[in-house]
Amino acid sequence: MNAKIFKISAIAGLTALVAMATGCLNDSSSRKPANANLVVVASVKDANKKGLGKAATISLKKLIITMTSNNVSDAVRRDTVLADTGAAFVSSVTSNQALVRTYALNPLRNWTLVVKTLDTKDSVIHYDSVTVTGLNAGETRTVPLNLTARYVMYEAKFTIPDSVNFTQSVFKRDLLVHRVVLKVDGVIVADSTTNPRFLPGSPTPTVHTVRFDYIRVNQTPDVKVEFWGKIGGQPLTDTLLFSTQFDDVDPYTPNPTPKAPDYVGPPASELGNIATVNFQINIGKVGTVIFNTDINGNVNAKAAAH
């Protein structure tokens, strides 16, 4: 081969290799890495199993997923799913449900996910978060989040007799309870009134219920139950007759020792013979905190001191 031709061919070949290499470098620098696919499975547990009770009045309104990258140049991603709109997310707090959502996110960074549900009052009912690290380009990763209720429901259940028997008298006095108040840390959270009275029921006593939903599961508040009404021929006024208080109620302590409420009504000088009515309030197990109240109509005749 001619030396001149060989030299030209060598130069041409080298030029071609340099061009190919340069083209590859330019292509790799201009092409963005493939997105990472994140599959979020948000499991919303039946709140009756742990947290809210079956009769809870809370109704879920929406589920919000927020995704934040550790790269400040990435925009925060948000996805809002409305309840009962065909997206496998319903408003009931007593339904097991799982919502699956897929998102294309920038890879090679960490993403923090926050998932929460809000009710019709815009209170956060469920909440969970997780940080997903080291997402690779083109990777598909599934992230499960198990959401549990942040609240328990308090429920006062009680029966009322139609009269009070005094042990030192042959007479009965009518007992009329028309209002039951539930207080948490001194604040009225439920105030139920029935006029003219909460029915006693016959022959089987009628069980009445007063409920309040929004008690945080990590709180141990003081809970007080009050019974208002009248005894005997009193006029129908808002008179506090009986009350009881539980200090530092733990929603996860089943069946604490029952307590008898105290008579706090009018003094004996106004009513004749009056006494402490013997009944107890019990706290139920995890889920719904139940205060069972059965008023015994048989009382002794000694009045409480005032």
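The rules behind the values
- Residues numbered from 1 in each chain as written.
- Predicted model: local features only at pLDDT ≥ 70, side-chain atom pairs only at ≥ 80, totals over all residues.
- Heavy atoms only, no water.
- Helix = DSSP H or I, 4+ residues; strand = E, 2+ residues; numbered from the N terminus.
- Contact = heavy atoms within 4.5 Å.
- Areas by Shrake-Rupley, 256 points an atom, 1.4 Å probe, with all protein chains shown as cover.
- Pairing = 2+ DSSP bridges.
- Axes fitted to C-alpha atoms, helices over the stretch in contact; angles between N-to-C directions.
- Phe/Tyr/Trp six-rings, centres within 6.5 Å; stacked < 30°, edge-to-face > 60°.
- Lys NZ or Arg CZ within 6 Å of the ring centre and 35° of its normal.
- Salt bridge = Lys/Arg side-chain N within 4 Å of Asp/Glu carboxyl O.
- Core = buried A, V, L, I, M, F, W, Y, C linked by side-chain atoms within 4.5 Å.
- Buried < 20%, exposed > 50% of the residue type's maximum accessible area, 1.4 Å probe, protein only.
- Polar contact = N/O pair within 3.5 Å; in protein donor to acceptor, adjacent residues only side chain to side chain.
- pLDDT = per-residue confidence, 0-100.

### Here we look at the overall build of the chain
- Helix and strand counts for the chain stand at two helices and 18 strands.
- Of the contacts made within the chain by residues no fewer than 6 positions apart, 64% connect residues no fewer than 24 positions apart.
- Total accessible area computed for the chain in this model is approximately 16100 Å², and 52% of it derives from carbon and sulfur atoms.

### Considering the sheet that holds strand 3 (residues 77-82)
- Spatially, 3-2-5-6 is the arrangement adopted by the four strands of the open sheet, whose pairing is antiparallel. Each edge of the open sheet carries a strand with a single partner, namely strand 3 and strand 6 (124-132). Across the sheet, the mean angle from the axis of one strand to that of its neighbour is 10°, orientation sign disregarded.
- Two strands pair when backbone bridges link them, and strand 2 (residues 60-69) and strand 3 are joined in this way by six bridges, in the antiparallel orientation. Residue pairing in the sheet places isoleucine 64 in a bridge with threonine 80 of strand 3.

### Structural notes on the sheet that holds strand 1 (residues 36-44)
- Pairing within the open sheet is mixed, and its three strands lie in the order 4-1-7. Edge strands, defined here as strands with exactly one partner in the open sheet, are strand 4 (97-105) and strand 7 (140-147). Sheet twist, expressed as the average angle between the axes of neighbouring strands with direction ignored, equals 20°.
- Pairing analysis gives nine bridges linking strand 1 to strand 4, with the strands arranged antiparallel.

### Quick look at the side chain of arginine 179
- Its location among the elements puts arginine 179 in strand 10 (residues 172-184).
- Leaving out residues up to four positions away in the same chain, arginine 179 has contacts with Ile188, Asp191, Ser192, Thr193, Phe198, Glu226, Phe227, Trp228 and Asp238.

### Quick look at the packing of aromatic side chains
- In total, this model carries zero aromatic pairs according to the counting rule given.
- Lying over the aromatic face of tryptophan 228, arginine 179 brings its terminal NZ or CZ to 4.8 Å of the ring centre.

### Side note on unusual backbone geometry
- Look at the link from asparagine 195 to proline 196: it is a cis peptide, with omega at 5°.
- You can see proline 196 is positioned in the loop between strand 11 (187-193) and strand 12 (208-216).
- In this structure, aspartate 84 is a non-glycine residue whose phi angle is positive, near 60°.
- Note that aspartate 84 resides in the loop between strand 3 and strand 4.
- Of note in this structure, aspartate 185 is not a glycine but carries a positive phi near 50°.
- Residue position: aspartate 185 is located in the loop between strand 10 and strand 11.

### Looking at the pattern of salt bridges
- Within the structure shown, the criterion is met by seven salt bridges.
- For arginine 101, the salt bridge is made with aspartate 79, and the minimal N-O distance between the two is 2.9 Å. Placement of the pair is arginine 101 in strand 4 and aspartate 79 in strand 3, with a sequence separation of 22 residues.
- Note that arginine 141 is salt-bridged to glutamate 139, the shortest N-O span being 2.9 Å.
- Put simply, Lys183, Lys224 and Glu226 are held in one network by salt bridges that share partners.

### Structural notes on the environment of threonine 194
- Summarising the element assignment, threonine 194 is placed in the loop between strand 11 and strand 12.
- C-alpha separation for the pair threonine 194 and arginine 179, spaced 15 residues apart in sequence, amounts to 6.4 Å.

### Brief notes about the nonpolar core
- Counting residues in hydrophobic clusters, the biggest one holds 27 residues, and the most contacted among them are Leu38, Leu63 and Phe89.
- Listing elements by their share of this core, those giving two or more residues are strand 1, strand 2, strand 4, strand 5 (111-119), strand 6 and strand 7.
- Take this core: its biggest share by element is five residues, from strand 1.
- Dropping the residues within four chain positions of it, phenylalanine 89 is found in contact with Val44, Leu60, Lys61, Lys62, Leu63, Val81, Leu82, Ala83, Asp84, Gln97, Leu99 and Thr117.
- In this structure, Val180, Ile215, Val225 and Phe246 belong to the second largest nonpolar core, which totals 25 residues.

### A closer look at the environment of threonine 112
- If you trace the backbone, threonine 112 turns up in strand 5.
- The contact partners of threonine 112, leaving out residues within four places of it in the chain, are Thr66, Met67, Thr68, Val130 and Thr131.
- Within the structure, the side chain of threonine 112 is placed 3.2 Å from the side chain of threonine 131, a separation counted as a polar contact.

### Quick word on the confidence of the model for the chain
- Considering every residue of the chain, the mean pLDDT works out to 74; 64% of them sit at 70 or more.
- When pLDDT is averaged over each helix and strand of the chain, the minimum, 41, is found for strand 16 (residues 281-283) and the maximum, 95, for strand 3.
- Contacts for the low-pLDDT stretch residues 299-306, under 50 throughout, to residues beyond four places or in other chains number 29 contacts.

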